[in-house]
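In case you want the letters, here they are:
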Amino acid sequence: MNTLEWKQEDGISWIALSRPELRNAVNYEMMDELDEILHKIEATDDKIVVMTGSGNRAFCSGGDLSLFHSLYTEAEAYGMLSKMGQILKRIFLFPKPTVALLNGAAVGGGCELITACDFRIARRNTKFGFVQGSLEITTGWGGGTMLFERLKPHDAMTYLMTSQLFAAEKGFEDGFIHQLINDDENLEDGLRQFLNPYLKQSANVLSAYKKIWLNKFDLATFEENVEKEIRNCSKLWEKEEHHAAVRRFLNK
Ligand SMILES: CC[C@H](C(=O)O)C(=O)SCCNC(=O)CCNC(=O)[C@H](O)C(C)(C)COP(=O)(O)OP(=O)(O)OC[C@H]1O[C@@H](n2cnc3c(N)ncnc32)[C@H](O)[C@@H]1OP(=O)(O)O
């Protein structure tokens, strides 16, 4: 694995996004490795999947703009967006409970990635934000559709429409972040404290309850809405406003 680290410990499968020099931005290799590792984890008797980032600055900064800025047309954008969209759907529908441990900022597609997880845990004052609007696009990996399954509609619309960065405390108030870890606490210890009651259960019990949660979904409509979201983002991607916004970021 070049872009991820995977370890299994005490019933937990840990996945760490590992491109800290680019704030764990997602490239094609990371997508392929994520897909491979999720397949492997599904076959283990691990109870819970924890996804985190390497370094202490970012969980994930979304798509790798230095790479994806070369995608110009709607069709080119759709190819990348739908590839990662499939992986986010896989995480959202994963048969074991999934947890995003925010070691740092989760922005853009990185915020979509944490939304695909069942639980989110963050150190106080960690920032998260669906900043795609500031790049003249919308969520493009399915995270917008998934957010409406995690929050009250008004809060989901505020997160998406304002393109703002929020502190973890705001997410905790809204029920998006499920545990805040204090600055003087070790991040992993704080996670284990949150997970201990879950880890006391068997893998079968945990996956059975995850299945009950997923059974409520009209899967066909969910998948259709994710596809529409990806198509919408692809259309906006092609516009000059988006390309100019990405150039501004890369030339900052
Ligand atoms: C559907 C998803 C959607 C898509 O793929 O279409 C996206 O996700 S679009 C990308 C949206 N993401 C962003 O706009 C986030 C951009 N990054 C940031 O806001 C910051 O980097 C932050 C808050 C994540 C971390 O800030 P910090 O001050 O700690 O770091 P720097 O900004 O100085 O960045 C360090 C270094 O990393 C490079 N970098 C950061 N994010 C990306 C990225 N998404 N793609 C490519 N490169 C990224 C940044 O340019 C710096 O590089 P350097 O060569 O050291 O200047």
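Just so you know, these numbers come straight off a predicted model, no measurement behind them.

Draft legend 1. Molecular detail of the sheet that holds strand 1 (residues 4-9). Taken in spatial order, the 6 strands line up as 1-2-3-5-7-10 in an open sheet, and their pairing is mixed. Two strands close off the open sheet at either side, each with one partner strand: strand 1 and strand 10 (179-181). Averaged over all neighbouring strand pairs, the angle between strand axes comes to 20°, with direction disregarded. Both strand 2 (residues 12-17) and strand 3 (residues 48-53) contribute to a ladder of 6 bridges, which runs parallel. Its bridge partner being in strand 3, Trp14 is matched across the sheet by Val50.

Draft legend 2. Representation of the sheet that holds strand 6 (residues 105-107). With mixed pairing, the 4 strands of this open sheet are ordered in space as 4-6-8-9. Edge positions in the sheet fall to strand 4 (58-60) and strand 9 (166-167), since each of these pairs with one other strand and no more. Looking at chain direction, strand 6 and strand 8 (residues 127-129) are connected through 2 bridges and run parallel. Paired with Ala106 across the bridge in strand 8 is Phe128. With respect to the sheet, helix 4 (residues 109-116) is in contact with strand 4, strand 6 and strand 8, its orientation differing from that of strand 6 by roughly 100°.

Draft legend 3. A look at the state of the cysteines. The final tally for this structure, using the stated rule, is 0 disulfides. Of all cysteine sulfurs, the one in Cys60 lies closest to Cys111, which takes part in no disulfide; the gap is 9.9 Å. We classify Cys111 as buried; its relative accessible area is 0%. Note on Cys117: no disulfide assigned, nearest cysteine sulfur contributed by Cys60 at a separation of 11 Å. A relative accessible area of 1% means that Cys117 is categorised as buried.

Each value, and the rule that gives it
- Residues numbered from 1 in each chain as written.
- Predicted model: local features only at pLDDT ≥ 70, side-chain atom pairs only at ≥ 80, totals over all residues.
- Heavy atoms only, no water.
- Pairing = 2+ DSSP bridges.
- Helix = DSSP H or I, 4+ residues; strand = E, 2+ residues; numbered from the N terminus.
- Axes fitted to C-alpha atoms, helices over the stretch in contact; angles between N-to-C directions.
- Contact = heavy atoms within 4.5 Å.
- Disulfide = S-S within 2.5 Å.
- Buried < 20%, exposed > 50% of the residue type's maximum accessible area, 1.4 Å probe, protein only.

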